[in-house]
Structures are given as structure tokens and as C-alpha cells.
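# Chains, contacts and geometry: an overview
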Amino acid sequence: MKLVVVGGVAAGLSAASRARRLDPAAEILVLEKGSRISWGACGLPYLIEGQVSSMDELVVYPREFFEKERNIRIRTQAEVTAVRHGARELILANGERIPYDRLVWAAGARPAHRPHSERVFHLHSDTDGERLNGFLERERPRTAAVVGGGYIGLETATALRARGLMVRLFHDATTLLNREDAWLTQRVVERLEQCGVEVRLNEPADPDRVEADVVIDATGLRPNVEILAEAGAALGRTGALAVDEYQETSLRGVFAAGDCCEARHIVSGRAVWIPLGTTANRMGRVAGANAAGRRERFPGVAGTSIVRVAGLGVGVTGLSQQQARREGFSPVEAVIEARERARYFFGRRLAVQLVADRTSGRLLGGAALGDQGVLARIDTLAAALAARMTVEDLAGLDLAYAPPYSTVMDPLLVAAQQLLRML
Ligand code: FAD
């Protein structure tokens, strides 16, 4: 069996590795148009901040690992320009034809707009990170504008501020982080302003025109779907590739995974496009297994994510109250504040928000804001959403406690009890 994987990062390499484990005899080839594989874009803001000293530190596994240990062929600077599914072959930019029996499309996403000016940067690819870092070192800009209030914009604003620049953040909506949540936005804005970032909400800015020595265009992404769509693969309602629960596209034998495709939201049941590295890895494993002949299901996403904004941890999962209302639920929300661990262990404040459906009591989503304790709470809540728990189920959970780690009544349980009273 000849398996070809397009894209040599999170989804593509997870797929190739899983397929290899399940089918030791398969011929597996990964095609990557860039010159680097297996690197983590999640570390780019920390390259800008200075925590990471070079792009090489962001490489997860070296190329030799895949070639020698996993017997996976890797070709870099190999850009696929067309898929001829009838003939089961791919065409590369140099005209070469590559045959396949099964295909995994893991081509990711790209920034939605191309910058026109030399001082405007994206922070998406490995070369973006190197270019921006080079510019900062060479030109020593004093002022920066970040356009876009998603997590990449917020992380980059924080990183530039930590590097000593005066930073202004422009966002075209009144709420940040694609969450439609005034409470959460207010907390994040407070923190950004405390660390010296000027925040302009509801103020769309054109990255090419905004005044600053350096501009980061973080206005959004588009899935890389065109080549496969031209070959006949169906797109979903979000514009990303439509896949079934086995990660198979509408073309038989062609699977897709990662930022290029949609997923089913486990709370709303709808197809959504929430591109994240966690999802790309999980989807890639399923696509790789099924390309190797298995029938594994991808369980879906809750949009669980965590981001550090000027030292504030912000974790979200499931739906906000506004999103839940739009999905036809009748949501009710509780927000509490508690210490994340005992005072004598320097426990900082942790805010927890829970959203549930008034009619059924089912948990729909929530958020946690604070320090290190955010991760445990948001992950527990993500697990509760996957198990379709009610608020009562959550309030009855047996969670761990010792003074260095938590409080005897965990903040998540405090929030659940408050919500129970409201219900
Ligand atoms: P990609 O990583 O985009 O890889 C796709 C690859 O396909 C690319 O290397 C591309 O060159 C190649 N390709 C595209 N077209 C072709 C073609 N025609 N021929 C050959 N090759 C092609 N996610 C998190 O979960 N947590 C985080 O903290 C986080 N932080 C992030 C911070 C930043 C600054 C960025 C940019 C992203 C962050 N992400 C984070 C998102 C995460 O990096 C992506 O979701 C993940 O990389 C997606 O993996 P992928 O394999 O689907 O796509």
C-alpha cells in the first residue's frame, strides 16, 4: 500500500507515524513544501519573547527520526500543486507525478491576508518567526501594532511588550478570543493594560496602514483546501474540508486532518472549524489509522484551549453563554472567584465560569482565568463535557486536594454549586 501524506507538521506526521505502527509494510511518503518538518508553531510567540533562542528549539523530532526509526520517507520543498484522484496521483510544482493508493491531506491553514508592506508580519510559518525576529533585532522598532484579538494576537502583543516595545492591540469586535464573552474580555483587557498594552476594541485596523514601526497581522486564517477541492473533495459549511467521523473526505481513500478540515463540536453537534495543534494531532492519528485500514472514529472537539496573556492564564472549553443561546440552548451562567490553593502557599485568585442548560442541567462550557491552576480546571471541565455531565454530576466529583495544589473545596466545585443553586 502506498500512502502519501501532504503536510509535514502536526497532523501529517501524526498520521504517518500511526499508519506505520499499524502497517509495517506500507510505503509511506510525506511531502512538505517548506524546508522544515515536525516543528511547533505554538512556540513562535516565545521565540519573539526571548524564552526560545532559535527555531531549532521548536523542532519536535528531527527528520532522521522519521526516516531511520519509523521508515517514513520525507521530501521537503516538495509542493503539491494538483491531485488527480481518478488516476490516484499527485502533481508537484516541478511537474513530477507521485502515485498513491491512499492519501492524507494535512496541508494546514494560512493567514487570510497577504501583507503589502515590509514592516507588516504574520506569525504563522517558521519563516515568519525568523523574519520577524530578524527585523526586531536589526531595526529595533519602538512601537508595535497588533491587529487581531484571537489568541495569536494576544500572545504576540504580550511577547512584544515583554521585549520592551510600546504595543497597541486593535480588534474589530467588542469581545476577544472568539468567545463573545464580555466578562472574559474585561478581565483580559485589564491585564493587558496593566502590563502596558493599549487595547482598542471594536476598532478594525488595516495592517498595511496602521501607524507603528512594526505591525503584526493576526486577523485570521484560511484552511488550505483549494487543491483538494479542485480534485472534487467537498467543503463543509465553514469553508474547511468536510470529513466524516473516520476523517475521510468525500473522495474515497482520501483522508484529511488538522487545520485544513472541520470537526464536529461535541456540545452543539455542529461542524465547526477551530484550528488547534491539539486537534491536529488527534485527528492525524485517526486519519493515519484509517488510511492503514482501520475504522477508528474521531470523537470531536470542544474547542478546549489555554493561552497565557500577560501572565494571566485563560482557559476555555465548550460554549460561552452567547454561543450556547445561538445554538438553541437556554443557558444560565455562574462566575465565581476563589483561591487556587491555600493562602500560605501563595494561592492566587482563580475565576471560574460555568455555563449550563437551564432545561436539562447539562454542562455546556466555561472558562477559567488565573495562574497555573487554570489548566486542571479547564481540562476537568472538558472531560465533563465529553461525558455529557450535568451540573449536579460535576458538583459531586471527587477531586484531589492538598494545600500546595488546591483548596479543600475546589474552585470548580464551588462554581458548580453556585450554578446548581441558580438552576
Ligand atoms: P500546519 O502545522 O499548518 O502544517 C501544514 C503543513 O503543510 C505546512 O508545513 C505547509 O507548508 C504544508 N503544506 C501546505 N500546502 C502544501 C502543499 N500544497 N504541498 C506540500 N505541503 C504543503 N495550537 C494549540 O493547540 N496550542 C497553542 O498554544 C498554539 N499556539 C500557536 C501559536 C502560533 C503563533 C500559531 C501560528 C499556531 C498555534 N497553534 C496552537 C496552532 C497549531 O500550531 C496548529 O493548529 C497546528 O500547527 C496545525 O497543524 P497542521 O498539521 O494541521 O497544519
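Preceding block: the structure.
In this report, the structure presented in the accompanying data block is examined.

Counting its secondary structure elements, the protein chain contains 12 helices and 22 strands. Relative to a compact globule of 423 residues, whose C-alpha radius of gyration would be 22 Å, the protein chain shows 22 Å and is just as compact. By residue count, 53% of the 423 residues in the protein chain fall in the buried class. If you take every contact in the protein chain between residues at least 6 apart in sequence, the share linking residues at least 24 apart comes to 63%. Surface summary for the protein chain: the accessible area is close to 19,200 Å², and the carbon and sulfur share equals 48%. Across the protein chain, the 53 positively charged side chains and the 51 negatively charged ones have centroids separated by 3 Å.

Among the structural elements, His 85 can be located in the loop between strand 4 (80-84) and strand 5 (89-92). Here Tyr 100 takes part through its side chain, which lies 2.7 Å from a polar atom of the side chain of His 85. Those residues within four positions of His 85 in sequence are excluded, and the remaining contacts are Tyr 100, Leu 251, Arg 252 and Val 254.

By secondary structure assignment, the location of Pro 204 is in the loop between strand 12 (197-200) and strand 13 (214-217). Classification of Pro 204 as exposed rests on a relative accessible area of 62%. In sequence terms Pro 204 and Arg 285 are 81 residues apart; their C-alpha atoms lie 38 Å from each other. For Pro 204, the residues in contact, after removing those within four places along its chain, are His 171 and Asp 172.

Per the counting criterion, the structure on display carries five aromatic pairs. Aromatic side chains Tyr 61 and Phe 65 sit 4.4 Å apart centroid to centroid with 15 degrees between the ring planes, which places their arrangement in the stacked category. When its relative accessible area of 37% is taken as the criterion, Tyr 61 is described as partly exposed. On the basis of an interplanar angle of 85 degrees and a centroid distance of 6.0 Å, the ring pair of Tyr 61 and Phe 66 is categorised as edge-to-face.

Relative to the helices and strands, Asp 259 resides in the loop between strand 15 (254-256) and strand 16 (263-264). For the buried Asp 259, no salt bridge is present, and the opposite-charge side chain at shortest range is Arg 110, 11 Å distant. For Asp 259, the side chain forms a polar contact with the main-chain nitrogen of Leu 276, separated by 3.5 Å. Not counting the four nearest positions on each side in its chain, Asp 259 is found in contact with Gly 108, Ala 109, Pro 223, Trp 273, Pro 275 and Leu 276.

With that out of the way, let us pick up the sheet that holds strand 12. Spatially, 9-13-10-11-12 is the arrangement adopted by the five strands of the open sheet, whose pairing is parallel. Pairing within the sheet leaves two strands with one partner each, and these edge strands are strand 9 (120-121) and strand 12. Direction of pairing for strand 11 (residues 166-170) relative to strand 12: parallel, over a ladder of four bridges. Opposite Val 167, over in strand 12, you have Val 197 as the bridge partner. On the sheet, helix 5 (residues 151-162) packs against strand 10 (143-147), strand 11, strand 12 and strand 13 and is oriented at approximately 165 degrees with respect to strand 11. Sitting on the sheet, helix 6 (residues 182-194) touches strand 11 and strand 12, and the angle it makes with strand 12 is about 145 degrees.

All right, on to the pattern of salt bridges then. A side chain of one charge can pair with a side chain of the opposite charge if their charged atoms are brought near each other. Scanning the entire structure with this criterion turns up 23 salt bridges. With a shortest N-O distance of 3.2 Å, Glu 89 and Arg 84 are connected by a salt bridge. You can call Glu 89 buried: its relative accessible area is 10%. Connected through salt bridges with shared partners, the residues Arg 36, Asp 56, Asp 126 and Glu 130 form a single ionic network.

With that out of the way, let us pick up the nonpolar core. One broad rule of soluble globular proteins: the nonpolar side chains tend to lie buried together. By size, the foremost hydrophobic cluster in this structure holds 51 residues, and its most contacted members are Leu 90, Leu 103, Trp 105 and Leu 241. Filtering out sequence-adjacent residues up to four positions away, Leu 103 remains in contact with Leu 3, Val 4, Val 6, Val 83, Leu 90, Leu 228, Gly 253, Val 254 and Phe 255. Judged by nonpolar contacts, the second largest core, of 42 residues, contains Ala 144, Ala 157, Val 197 and Val 214.

Here we take up the packing of helix 1 (residues 10-22) against helix 8 (residues 277-291). Two elements in contact, helix 1 and helix 8, have axes separated by 7 Å at closest approach and are oriented at 35 degrees. Both helix 1 and helix 8 take part in a crossing whose hand is right-handed. The segment helix 1 lies against helix 8, with Ala 10, Ala 11, Ser 14, Ala 15, Arg 18, Ala 19, Arg 21 and Leu 22 engaging Ala 280, Asn 281, Gly 284, Arg 285, Gly 288 and Ala 289. The class makeup of the residues in the contact of helix 1 with helix 8 is seven nonpolar, four polar and three charged.

Before going further, it helps to spend a moment on the site of the ligand. Among the 30 residues in the neighbourhood of the ligand, the closest are listed as Ala 11, Glu 32, Val 80, Asp 259 and Leu 276. Between a nitrogen atom of the ligand and a main-chain N or O atom of Lys 33, the distance comes to 3.1 Å. Within the backbone of Gly 277, one N or O atom sits 3.0 Å away from an oxygen atom of the ligand. Protein contacts shield 88% of the accessible area of the ligand, which totals 1,000 Å² for the unbound molecule. The set of elements that each furnish at least two residues to the shell around the ligand consists of helix 1, helix 5 and helix 8. Of the residues assigned to the shell around the ligand, the class counts are 19 nonpolar, six polar and five charged.

Criteria and cut-off values
Residues numbered from 1 in each chain as written. Predicted model: local features only at pLDDT ≥ 70, side-chain atom pairs only at ≥ 80, totals over all residues. Heavy atoms only, no water. Helix = DSSP H or I, 4+ residues; strand = E, 2+ residues; numbered from the N terminus. Rg over C-alpha atoms; globule rule 2.2 N^0.38 Å. Buried < 20%, exposed > 50% of the residue type's maximum accessible area, 1.4 Å probe, protein only. Contact = heavy atoms within 4.5 Å. Areas by Shrake-Rupley, 256 points an atom, 1.4 Å probe, with all protein chains shown as cover. Lys, Arg positive; Asp, Glu negative; His and termini not counted. Charge placed at Lys NZ, Arg CZ, Asp CG, Glu CD. Polar contact = N/O pair within 3.5 Å; in protein donor to acceptor, adjacent residues only side chain to side chain. Phe/Tyr/Trp six-rings, centres within 6.5 Å; stacked < 30°, edge-to-face > 60°. Salt bridge = Lys/Arg side-chain N within 4 Å of Asp/Glu carboxyl O. Pairing = 2+ DSSP bridges. Axes fitted to C-alpha atoms, helices over the stretch in contact; angles between N-to-C directions. Core = buried A, V, L, I, M, F, W, Y, C linked by side-chain atoms within 4.5 Å. Left-handed = near helix turned anticlockwise from the far one by under 90°. Nonpolar A, V, L, I, M, F, W, Y, C, P; charged D, E, K, R; others polar. Near = heavy atom within 4 Å.

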